[in-house]
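Here is what each chain is made of, one letter per residue.
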Amino acid sequence: MTNIILYPSWQLKENHATARAAYMKRREFVKSLGLGTIGLSTLALGCSQAAHSASDPDGPLDTIPDNAPRDGYPAPRNAAFDVPERIVTDRIVASSYNNFYEFINQGDLKNVWPHTEQYEPFPGTIEIGGLAKKQTLDIADLIRSADLEERLYRFRCVEAWSMTVPWTGFPLADLVARCEPRNSARFVKFICVNRPEQLPGQAKATWYPWPYFEGLRMDEAMNELAFVATGLYGEPLPKQNGSPLRLVLPWKYGYKGPKAVVRIEFTRQQPETFWNKLQPREYGFLSNVNPNIPHPRWSQATERFLSTDGVEERIPTQIFNGYDEWVRALYPDAPRTYAGPIIR
Ligand code: MTE
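Conventions adopted
- Residues numbered from 1 in each chain as written.
- Predicted model: local features only at pLDDT ≥ 70, side-chain atom pairs only at ≥ 80, totals over all residues.
- Heavy atoms only, no water.
- Near = heavy atom within 4 Å.
- Polar contact = N/O pair within 3.5 Å; in protein donor to acceptor, adjacent residues only side chain to side chain.
- Areas by Shrake-Rupley, 256 points an atom, 1.4 Å probe, with all protein chains shown as cover.
- Nonpolar A, V, L, I, M, F, W, Y, C, P; charged D, E, K, R; others polar.
- Helix = DSSP H or I, 4+ residues; strand = E, 2+ residues; numbered from the N terminus.
- Salt bridge = Lys/Arg side-chain N within 4 Å of Asp/Glu carboxyl O.
- Buried < 20%, exposed > 50% of the residue type's maximum accessible area, 1.4 Å probe, protein only.
- Core = buried A, V, L, I, M, F, W, Y, C linked by side-chain atoms within 4.5 Å.
- Contact = heavy atoms within 4.5 Å.
- Arc of directions from axis to C-beta.

Asker: Teacher, can you tell me more about the site of the ligand here?
Answerer: Neighbouring the ligand are 17 residues; Y101, E102, R246, G257 and K259 lie closest to it. Between N99 and the ligand, the recorded distance is 3.2 Å, taken from a backbone N or O atom to an oxygen atom. Here the ligand, which alone exposes 540 Å², has 98% of that area covered by the protein. Here the residues of the shell around the ligand are counted per class, giving nine nonpolar, five polar and three charged.

Asker: Can you help me understand unusual backbone geometry in this one?
Answerer: The phi torsion of most residues other than glycine is negative, and most of the peptide bonds are trans. A cis amide bond links Y73 with the next residue in sequence, P74, at an omega value of -10°. With respect to the helices and strands, the residue P74 is situated in the loop between α2 (59-62) and α3 (91-94). Look at the link from F122 to P123: it is a cis peptide, with omega at -5°. Take P123: it is sitting in the loop between α3 and β1 (125-130). Residue S287 is not a glycine yet carries a positive backbone phi of 50°. Within the fold, S287 resides in the loop between α8 (274-278) and β11 (302-306). We note that F320 has phi near 55°; this positive angle belongs to a residue other than glycine. Positionally, F320 belongs in the loop between β12 (312-316) and α9 (324-327).

Asker: Would you mind showing me how to read the pattern of salt bridges here?
Answerer: Close approach of charged atoms lets side chains of opposite charge pair. The final tally for this structure, using the stated rule, is 18 salt bridges. As a salt-bridge pair, R70 and E235 come within 3.0 Å of each other at their nearest N and O atoms. A residue pair is termed long-range when its members are at least 10 positions apart, and R70 in the loop between α2 and α3 and E235 in strand β8 (residues 235-236) qualify at 165 residues. Accessibility expressed as a relative area gives 42% for R70, which makes it partly exposed. According to the relative accessible area criterion, E235 is buried, its value standing at 15%. In the salt-bridge network here, residues are joined through shared partners; they are E85, R86, R154, R156 and E303.

Asker: Sorry, what's going on with the nonpolar core here?
Answerer: A general feature of soluble globular proteins is that nonpolar side chains tend to end up buried together. In terms of nonpolar packing, the biggest core is built from 79 residues, with W167, L172, L175, W251, I264, F266 and W275 touching the most fellow members. Among residues more than four places away in sequence, those in contact with W167 are E149, E150, R151, Y153, F227, A229, G231, L232, L237, R246 and V248. With eight residues, the next largest nonpolar core counts F100, F103, Y119 and L199 among its residues.

Asker: Looking at this structure, how should I read helix α5 (residues 172-179)?
Answerer: In an α-helix, one full turn covers 3.6 residues, which means residues spaced three or four apart are oriented alike. Residues L172, A173, L175, V176 and C179 constitute the buried set of α5. Viewed end-on, α5 has its buried residues packed into an arc of 160°, placing them on one side of the element. Positive backbone phi, approximately 55°, marks E180, located one or two places after α5.

What is shown is where atoms sit, not what they do.
What follows is the structure, given as structure tokens:
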């Protein structure tokens, strides 16, 4: 996979209070770099960086649905999840450099937001199936009744690119509890929106096994870090970031966080997952961030992030993306040193 990385002025510290117009300059700079190369094979997941080609400066934020509930926004920041060693990713970048294959499947894959016009996340429900008592939840009611908080999380793409993003939402454990799963449930599967009439990528890319689906062990889903995001940078989620709600599992690679979840199933058996079905050798069920487990085609020992002055910085990848103390007990067999060949 070709992986050409651009290094625009990407991250700014605590900038989400900045007026939208102030993002314009940086966005023009990103644009001036041209489109990044999307070196993806048709069925390969790619998080390589690409510049967006927006002509509307506020476009990536104008996709926040008007009818998204705003009760409880902006939510108080939970200081337990501070990321002291990192600066916060530019808000516009987080909403204009996305992976959401339901909307786009060729060309500038990361430039998702211009393709979201037809998509209407609200009103909506989550259907519940399998080993659970509850059958359906209204998503707007769920958001309104949730105890919203903001968490700043590291985000690590499988292709060694990273962000730091403030999500608004509530613990996944709360959502699981509302579904009233039976004791026999060992896994939970999340299934995403399936509306080819609103999702152009889904309509065109018929070779993908739509809808997008992901899965977790129940103990992973109940972990304190597992989060249901309903917002980003103090406002409801823009469509391209997963409206009406999505999962954020910061110790796992980004593709384990399904967007626009509309169905949850509780199962005894380990469920299949979208990328694992497509490329089982490359995208495993656990997919935990671990510098000691290289991707078959590249190392995961380090990651790249963009500094405010456009200088590339490469930093060591942390086991479980820096969340070792929260999740290490879940994975006693995870390799903690690297013993394999050097892959660059
Ligand atoms: N969820 C759905 N429904 N469809 C997708 O294509 N892409 C995944 C994940 N969730 C994806 C998805 C991938 S590959 C990544 S890296 C993250 O969403 C990207 O989230 P972001 O665009 O908000 O940064």
